[in-house]
Amino acid sequence: MARLEILEFPDPRLRTKAQPVEQFDAALGQLIDDMFETMYEAPGIGLAATQVNVHRRLLVMDVSENKGQPLVFINPQILTSDGVEISEEGCLSVPQIFEEVQRAERVRVRAQDRHGKVFEQDLDGLAAVCLQHEMDHLEGKLFVDYLSSLKRDRIRRKLDKSRRAQPLSSSRIPTPVA
Amino acid sequence: MNTRATRNDKRPPRRAVQGAASDIAAQVLAAAAGVVTTVLEEGRTADDVMMQFEDHPQLRAIRAVALGTLRWWSRCDALIAPLLTRSPQQTAPLLRALLCVAVHQLQHSRNPLESTVSAAVNAARLVGLTHAAGLVNAVLRRFLRERDALVAALESAPAQRHAHPQWLVDELRSAWPDCWEALLEANNAHPPLTLRLDLTRVSREDYLRQLQEAGLEGQLVPWLPTAVIVTKPVAVERLPLFREGAVSVQDASAQLAARLLAPVDGERVLDACAAPGGKSGALLELAPELRLTALDCDAQRAQRVADNLRRLGRTAGLVVADLTAEPRWWDGVLFDAILLDAPCSATGVIRRHPEIKWLRREADIEALAEQQQRMLQSCWALLKPGGRLVYATCSVLPAENAAVVARFLAEHADAREVEPPAHEAPLRRANPGWQMLPMQEAGGDGFYYACLKRLATGEGP
């Protein structure tokens, strides 16, 4: 097993749209195990492949208190969703930032397991929120996209500042057209 | 996803940039030092940081001093370095910025040297560096005594002489071996204030007359019929027909991007990175019956597109979406033409945004090129066979320009580079594509353009 590097906002690779998983082989199993290790070590409750620079549609989660309920969703699709849940989210790709985001309260998801078998599952509360958050990653979307751009810029600056030692990330300097 | 372990609501302290002293010169230097510090420490654009002074009576002076200092930052910094006991890096950022602002003024302003020094000492007190007022005084006076030797020491290396980071000098030298040094000089020149005229509403001759009546002076850009340069810069509100929306501020190179797409009334066109809306406006003025979709990923910047188009009295469909994500906004009808003015290093507009030299890092270029490639691919999927696409950037680095387009052409059998529509602009062949460099006579900003066509099925190579 190996810990993987987690990409951090505003890394443009986080904006990549993931492609479906087609091969359910040993390499996929290895990736899933590595993603769990990376998630538990971080520590986090969910991790999408996009965050470790693998642009395939899979994510891992464990929202249990004692970290004993690992869940894998491959090629997930939300079938139905209802209710409104506003909760504070954080993201391993946007370290130290926590903001309130509105999501569906309950979702029914269809996905495949690590062997390719299709399953459906109902999720609610934190699990539903986490699933929606991770599925956004597969579309190249981050939870900060739900915030005002003012807030997002502030976050970007805050992160830039905290990584001062590292090279400045590619924040866009707007082209001067009035 | 993760959840919060401990609350951490510490807010950064507000930097004092505005004092109550009556000394205007000191206020200007203090404010400019604050702007320079915030730009360099927080990686924000000077325009953005200047917003806090929008209503300041000394806005123009603060802006001029701050931009001038950013333009010559590494030079000012190198001039004070030998005078400090600690290295500039170990000096408090605000103090270092104030010293650089003052040195820039001593070098470039026509104010008496003595009054600049005393204004800088007062500015130190205004920004809360009272303890360093004596140091500011001592350093600046010693600078004046040793100025000639200090300046002479910087003349040998191009990076120091032209105040550019070494990596950028190296990139530009290898990209433009015949004129890299002129390019470095042009990056430090003051940019022209260029206007775009809506020729459906006012003719060039008419507008030059109106400028003259308003006590201003205009000059035609010979290679672009919509472009007029105002030779004495002025607040935009004072420009004739600005409020009426018949005139906009836009560099000639950006105007040219719209012209190279050659929009025709009735066509469905996508402006793929539209904010703040200058190119959307230009497209609609060339073809008022265009069915234009203006897309941008940033909601707040997209709002500026709406504001700009409202002033022009033009309409477009506005979409806030990430171009490279699944196009949920799209109705499934392919576009006739797409203008992709991709996010880039902005190394072609350093004369307008000198902070780019210090904020941009060499490592950014590769990531930008990847993003540009993805955006180009996303646009291609929205373009109808037989349709045309103009890829543009305000970069002068081949890695973001010809290299991106060359790779795209190699990977897409249905993509061809085509001749741009007839124009008179002084473009250099970049193969593939065309480059405007900012130092040409009456030249626009540094800009790159490639005109691509998506082959219709059955259309031979």
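Scroll up to find the structure.
This section reports on the structure supplied with the text. (Residues numbered from 1 in each chain as written. Chains lettered and ligands numbered in written order. Predicted model: local features only at pLDDT ≥ 70, side-chain atom pairs only at ≥ 80, totals over all residues. Heavy atoms only, no water.)

Residues and elements named next belong to chain B. Among the nonpolar cores identified, the biggest contains 58 residues, and Leu-29, Val-35, Leu-99, Val-136 and Leu-140 are the most heavily contacted of them. Going through the elements one at a time, α1 (24-42), α2 (46-50), α3 (59-71), α4 (73-80), α5 (93-108), α6 (113-126), α7 (133-152) and α15 (356-359) are the ones with two or more residues in this core. If we skip the residues at most four places from it in the chain, Leu-29 touches Val-65, Leu-98, Val-101, Gln-105, Thr-116, Ala-119, Ala-120 and Ala-123. The next biggest cluster of nonpolar side chains, apart from the first, holds 56 residues, and it includes Val-221, Val-396, Leu-427 and Tyr-449. (Core = buried A, V, L, I, M, F, W, Y, C linked by side-chain atoms within 4.5 Å. Buried < 20%, exposed > 50% of the residue type's maximum accessible area, 1.4 Å probe, protein only. Helix = DSSP H or I, 4+ residues; strand = E, 2+ residues; numbered from the N terminus. Contact = heavy atoms within 4.5 Å.)

A cis amide bond, omega -5 degrees, links Ala-42 of chain A with the succeeding residue Pro-43 of chain A. With respect to the helices and strands, Pro-43 of chain A occurs in the loop between α1 (26-41) and β1 (46-48). With an omega of 0 degrees, the peptide bond running from Ala-275 of chain B to Pro-276 of chain B counts as cis. Note that Pro-276 of chain B resides in the loop between β5 (268-271) and α13 (278-286). At Ala-163 of chain B, a position not held by glycine, the phi torsion is positive, near 50 degrees. Along the chain, Ala-163 of chain B falls in the loop between α8 (158-161) and α9 (166-175). The buried category is assigned to Ala-163 of chain B, whose relative accessible area is 0%. With a phi close to 45 degrees, Asn-431 of chain B is a non-glycine residue in the positive phi region. Note that Asn-431 of chain B resides in the loop between β11 (428-429) and β12 (434-436).

Residue and element names in this part refer to chain B. Following both chains from N to C, one finds α3 and α5 inclined at 95 degrees, their axes separated by 9 Å at the closest point. With respect to α5, the element α3 is oriented roughly perpendicular. Of the residues in α5, those in contact with Val-65, Gly-68 and Thr-69 of α3 are Cys-100, Val-101, His-104 and Gln-105. (Axes fitted to C-alpha atoms, helices over the stretch in contact; angles between N-to-C directions. Parallel < 35°, antiparallel > 145°, perpendicular 65-115°, else oblique.)

Take the state of the cysteines next. Residues and elements named next belong to chain B. According to the stated counting rule, one finds zero disulfides over all chains in the structure shown. Free of any disulfide, Cys-273 has its nearest neighbouring cysteine sulfur in Cys-379, separated by 6.9 Å. With no disulfide partner, Cys-344 has as its closest neighbouring cysteine sulfur the one in Cys-394, 3.4 Å distant. Overall, Cys-344 belongs to the buried group, its relative accessible area being 2%. (Disulfide = S-S within 2.5 Å.)

Our next topic: the packing of aromatic side chains. As enumerated under the stated definition, the model contains five aromatic pairs over all chains in all. When the centroid spacing of 5.8 Å and the interplanar angle of 40 degrees are considered together, the rings of Phe-73 of chain A and Phe-119 of chain A count as tilted. Note that Phe-73 of chain A is positioned in strand β3 (residues 71-82) and Phe-119 of chain A in strand β7 (residues 118-124), a separation of 46 residues in sequence. Summarising the aromatic geometry, the rings of Phe-447 of chain B and Tyr-449 of chain B are spaced 5.6 Å apart at their centres and angled 25 degrees between planes, so their arrangement reads as stacked. Classification of Tyr-449 of chain B as buried rests on a relative accessible area of 0%. Between Arg-173 of chain B and the ring centre of Trp-180 of chain B, over which it is positioned, the NZ or CZ distance is 4.6 Å. Here the guanidinium or amino end of Arg-429 of chain B rests over the ring plane of Trp-434 of chain B, the centre of that ring lying 4.9 Å away. (Phe/Tyr/Trp six-rings, centres within 6.5 Å; stacked < 30°, edge-to-face > 60°. Lys NZ or Arg CZ within 6 Å of the ring centre and 35° of its normal.)

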